[in-house]
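Notes for the structure review
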Amino acid sequence: MEDVTPAIQERISSSFGRQGLMAHLGARLSHIGPGRVHIQLPARPEVTQQHGYFHAGATSSIADSAGGYAAFTLFPENSSVLTVEFKINLLAPAEGEHLEAIGQVLKSGRTLTVCQLEVFGVQGDRRTLVAVGQQTVMCIHNRADH
C-alpha cells in the first residue's frame, strides 16, 4: 500500500484525535493511505449490544469515520470533511477480538466524494465481513479542520 505524506498523516491523526466519539469507543487509526483509511475497534463490553455482539451503532460509527478520513486524505490543505449521507448493510453478527473498518474512495470530486465502507470482525487470523456500505462526504473548502 502507498503511503501519504507526513503532513497528511498528521492532519488525519490530529483530526481523529479530536473526535470525542472515537475516543469514547476506544477506536484507533491503524492505516492511513491515499484514499484509504483503516480504523480498529477493540472488543469490550461498552461497545456491545444485549447479545454480546458489537453494537450496530459502534460498527456504523467506525465505518463512517474510516470513509470520511479516506476522503480527507485527498482533500486540499485548509479544507475540512463532513458526511452528507451513508448507508450500511449489516451482513453478519459483528464479533471478534476487534472490528476493522476500511474506508476506500471510489470517486473523489471537487465538493462531493463517494466512498466504499467495509467492516470486518477479526478473530486471530480469521476475518469475517460483517458490514458493507457506501458514503458521500463533502469537502468544505477554505476551512481548516478544527
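Just so it is clear, the model here is predicted, and its values are computed rather than measured. (Residues numbered from 1 in each chain as written. Predicted model: local features only at pLDDT ≥ 70, side-chain atom pairs only at ≥ 80, totals over all residues. Heavy atoms only, no water.)

**Focus: the overall build of the protein chain**
For the protein chain, the helix and strand inventory stands at three helices and six strands. Scanning the protein chain from its N terminus toward the C terminus, one meets helices and strands in the order α-α-β-β-α-β-β-β-β. The C-alpha atoms of the protein chain give a radius of gyration of 15 Å, which matches the 15 Å a tight globule of 146 residues would have. Projected onto its principal axes, the C-alpha coordinates of the protein chain cover approximately 45 × 25 × 25 Å. When burial is assessed residue by residue, the protein chain has 44% of its 146 residues classed as buried. (Helix = DSSP H or I, 4+ residues; strand = E, 2+ residues; numbered from the N terminus. Rg over C-alpha atoms; globule rule 2.2 N^0.38 Å. Buried < 20%, exposed > 50% of the residue type's maximum accessible area, 1.4 Å probe, protein only.)

**Details of the nonpolar core**
Judged by nonpolar contacts, the single largest core of 34 residues is most densely connected at Ala27, Ile39, Leu41, Ile62, Phe75, Leu99 and Val119. At the level of secondary structure, the elements contributing two or more residues to this core comprise helix H1 (6–17), helix H2 (20–25), strand E2 (36–42), helix H3 (56–72), strand E3 (80–90), strand E4 (98–108), strand E5 (112–123) and strand E6 (126–140). With eight residues, H3 is the largest single contributor of residues to this core. Beyond its immediate chain neighbours, meaning those up to four positions away, Ala27 contacts Phe16, Met22, Ile39, Gln40, Leu41 and Ile62. (Core = buried A, V, L, I, M, F, W, Y, C linked by side-chain atoms within 4.5 Å. Contact = heavy atoms within 4.5 Å.)

**So, H1**
In this model H1 runs 16 Å from its N-terminal to its C-terminal C-alpha over twelve residues, within 8% of the 16 Å that 1.5 Å per residue would give. Along H1, the residues that are buried comprise Arg11, Ile12, Ser15 and Phe16. Across the axial projection of H1, the buried residues extend over an arc of 125°, all falling on one side. Seen from the open side of H1, the exposed residues pointing more than 90 degrees away from its buried face are Pro6, Ala7 and Gly17. On its buried side, H1 packs onto H2, strand E1 (28–33), E2 and H3. (Expected span 1.5 Å × (residues − 1). Arc of directions from axis to C-beta.)

**Describing the pattern of salt bridges**
If you walk through the whole model with that rule in mind, you get two salt bridges. Here Arg44 and Glu46 are joined by a salt bridge, their closest N and O atoms 2.9 Å apart. The class for Glu46 is exposed, based on a relative accessible area of 58%. Across the pair Glu100 and Arg127 runs a salt bridge whose closest N-O atoms are separated by 2.4 Å. Linking Glu100 in strand E4 with Arg127 in strand E6, this pair joins segments that are 27 residues apart in sequence. (Salt bridge = Lys/Arg side-chain N within 4 Å of Asp/Glu carboxyl O.)

Interpretation note: all reported values are geometric properties and have no functional meaning in isolation.
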